Amino acid sequence: MKSEDHVLADPAQSEDARSQIALLNKRVAYLKKQLNELTVNNANESTIEQGAQALQLAEMIIDNSPAILFRRRAAEDVEERKMVYVSPNISRFGYQAEDFLENRMMFRQIVYSGDIDLITEEIKEHVSKGIENYSQTYRIVTKDGELRWVEDRTSVVEDEVTGDRYHQGIIVDVHEKKEAEEKLRRSEEKYRRIVDTAGEGFLLMDENLCIVDLNNAFARMVGREKEDLYGSNPFAQGTGEYRKYLAECRKKSTGLDYREFECEVVYQDTRVVPVLVHANTLRSDSGEIIGNMAFITDMTQQKKALKLAGEVQRGLLPERAPQISGVDIASRNVPCDEVGGDYFDFLWDESKKAEKLSIVVGDITGHGVDAALLMSSARAFLRMRASQTGNPIEIVTALNQHLTKDFSESGRFMTMFYLSLDRQAEQLEWIRAGHDPALIYDPEKDIFEELMGPGLALGVVENYDYALQSRNGLKPGQVIIIGTDGIWEGRNPSGEMFGKERLMEIVRNSAAHDSHTILEKIFQEHTDFSEGLKSDDDLTLVVVKIQPIK
């Protein structure tokens, strides 16, 4: 065992205790030297008494400090490693200083037996390497039999006068710290098992999104060995379209600590795996970004099911535009997910080659599966009611009553623009149920007109009275635009909105073309504007170009 001047302190006080003790030791040594000089030089009794009082005060401070000091002879023979000093506050462990100073106990006797061999080997290694300042952590046994962890910092010193060597040091009580570390270790081990056995992929990444740690589930997801993935960017191999989106998404999300988004990773460089990412930015106490953590869910099966649902939903939309003399129509629906809540339809009697046509564009709040189901219900009822006799007001009123019952518990509603076009009479009639007004552009006058009118969204008030609006004077060359707000409310990575002004400018510049060309130009401009950023809402647009009647 070692002989030491040891100091036991609470973990939070250990550094302060060490500093205090070092200063106090210097003060004691100085006072002892001063006292000896005073005695040798036959100093007067008053001066000697002052020095003795100062020395007594310094020793009292040490004895009452939150630390225990030891000093012990260094000797080959264990029995000769006797304590020459131990501070009285050893009593905190239930022992008296006299037990050690009068050789009734050796310090090694209070060291836990299970740690003796380990610390003995460590000391031998230090001696063999000529190390005279070292630190050890072990357990001691209190008088009551309690085990306490201590940190022992020992120095080997030599008396300048006698040449005797001593072990002296500082022992810090680190029991609470060690227990907290052990608790943390067990907790980390528990969560490591949870992460390693989880079905979801787990990633720990640095600030550059390079993998620092991962679990087996993610390695299986991409079909690679864990060792091959360290240091790589998990999303770097996503599709080109997504890499562009992710880069813009990062710009948009700067400052957000939590992000949820869909993306793609590649399995063995052969196929794309759609995934859902829940990511958190990790920050230091000072707020500095130190890394990122993410849970990755394989969405392959869900995407297959949603893709099938999307195909079913697209089958409910008109396969082609009505063939009516004097009317050129183009339309498109692009859901932001596999399925969506936007809807458009054409209602006319094809068998009679009628020149009257109704165009319906609707938007159910939200998007995704639930909105798609509600849209399907609205479409089915509207088609059924439109096949019966009745004017637009009666049709829309009946639909509103039906949807109010369907939506009553969901809190959702549906906006709709119902337009009836009579090419022969050159007349428009419409009902605006909470939807953005349609636009009609007259290239001859170079003016846009909004088809306004009052009207509450469908599914809100069951007995709401809708009003029919009308306009005469349809002329060849005029262009009618009916869409959903996903078009003009779409944003680019800078947060700028596409806007209706931009939409109208595209229509103005392409009005001489047919409806299909106008539609393509709008969607192309919208795609370029978004710079690859995925839309947050469904996009639906119907373009009607008025032509001469043949």
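These remarks concern the structure in this document. (Residues numbered from 1 in each chain as written. Predicted model: local features only at pLDDT ≥ 70, side-chain atom pairs only at ≥ 80, totals over all residues. Heavy atoms only, no water.)

Comments concerning the packing of aromatic side chains
Right, so step 1: Applying the stated rule across the entire model yields eight aromatic pairs.
Right, so step 2: Ring centres of Phe70 and Phe100 lie 6.1 Å apart, and the angle between their planes is 85 degrees; this geometry places the pair in the edge-to-face category. Taken as a pair, Phe70 in strand S1 (residues 68-73) and Phe100 in helix H3 (residues 97-101) lie far apart in primary sequence, 30 residues in all.
Right, so step 3: Residue classification places Phe70 among the buried positions, given a relative accessible area of 1%.
Right, so step 4: Grouped by ring-pair contacts, the aromatic residues Phe70, Tyr95, Phe100 and Phe107 constitute a single cluster.
Right, so step 5: Looking at Arg332, its charged tip hangs above the ring of Phe523, at a distance of 4.9 Å from the centre.
Right, so step 6: The ring centre of Phe498 lies 5.6 Å from the NZ or CZ of Arg502, which sits over that ring. (Phe/Tyr/Trp six-rings, centres within 6.5 Å; stacked < 30°, edge-to-face > 60°. Helix = DSSP H or I, 4+ residues; strand = E, 2+ residues; numbered from the N terminus. Buried < 20%, exposed > 50% of the residue type's maximum accessible area, 1.4 Å probe, protein only. Lys NZ or Arg CZ within 6 Å of the ring centre and 35° of its normal.)

Looking at the side chain of Thr415
Right, so step 1: Here Thr415 is to be found in strand S14 (residues 414-422).
Right, so step 2: Of the polar contacts made by the side chain of Thr415, one reaches the side chain of His435; its length is 2.9 Å.
Right, so step 3: Filtering out sequence-adjacent residues up to four positions away, Thr415 remains in contact with Val361, Gly362, Asp363, Ala433, Gly434, His435 and Ala457. (Polar contact = N/O pair within 3.5 Å; in protein donor to acceptor, adjacent residues only side chain to side chain. Contact = heavy atoms within 4.5 Å.)

Considering the packing of helix H10 (residues 369-386) against helix H11 (residues 392-407)
A packed helix pair is summarised by two numbers, namely the angle formed by the two axes and the spacing between the axes.
Right, so step 1: Put simply, H10 and H11 touch, their axes get as near as 10 Å, and they point 150 degrees apart. The interaxial crossing formed by H10 with H11 has right-handed handedness. Across the interface between the two elements, Leu374, Ser377, Ala378, Phe381, Leu382, Arg385 and Ala386 of H10 pack against Glu394, Ile395, Ala398, Leu399, His402, Leu403, Asp406 and Phe407 of H11.
Right, so step 2: For the contact of H10 with H11, the per-class residue count stands at 10 nonpolar, two polar and three charged. (Axes fitted to C-alpha atoms, helices over the stretch in contact; angles between N-to-C directions. Left-handed = near helix turned anticlockwise from the far one by under 90°. Nonpolar A, V, L, I, M, F, W, Y, C, P; charged D, E, K, R; others polar.)

Looking at helix H4 (residues 113-128)
Right, so step 1: Over its 16 residues, H4 runs 24 Å from end to end, which matches the ideal 22 Å to within 8%, given 1.5 Å per residue.
Right, so step 2: Those residues of H4 hidden inside the fold are in contact with strand S3 (133-141).
Right, so step 3: Looking one or two residues beyond H4, the residue adopting positive phi is Gly130, at roughly 75 degrees. (Expected span 1.5 Å × (residues − 1).)

Things to note about the pattern of salt bridges
Side chains carrying opposite charge are able to pair once their charged atoms draw close together.
Right, so step 1: Tallied over the entire structure, the rule returns 27 salt bridges.
Right, so step 2: One salt bridge connects Asp422 with Lys356, and the closest N-O pair in it is separated by 3.9 Å. One end of the pair, Asp422, is in strand S14; the other, Lys356, is in strand S13 (residues 356-364), with 66 residues separating them in the sequence.
Right, so step 3: Residues joined in a network through salt bridges with shared partners are Glu182, Arg185, Arg186, Glu189 and Arg193. (Salt bridge = Lys/Arg side-chain N within 4 Å of Asp/Glu carboxyl O.)

Re a nonpolar patch on the surface
Right, so step 1: Together, Phe413, Val460 and Val461 make up an exposed nonpolar region whose accessible area comes to about 220 Å².
Right, so step 2: You can see Val460 is positioned in the loop between strand S17 (447-451) and strand S18 (469-472). (Patch = residues over 30% accessible without salt bridge, like charges linked within 9 Å, V, L, I, M, F, W, Y side chains within 5 Å. Areas by Shrake-Rupley, 256 points an atom, 1.4 Å probe, with all protein chains shown as cover.)

Points about the environment of Val111
Right, so step 1: For Val111, the position within the fold is in the loop between H3 and H4.
Right, so step 2: On the accessibility criterion, Val111 (4% relative accessible area) is buried.
Right, so step 3: The spacing of Val111 and Leu147 is 36 residues in sequence and 9.3 Å in space, taken between C-alpha atoms.

Coordinates in, geometry out; function isn't part of it.
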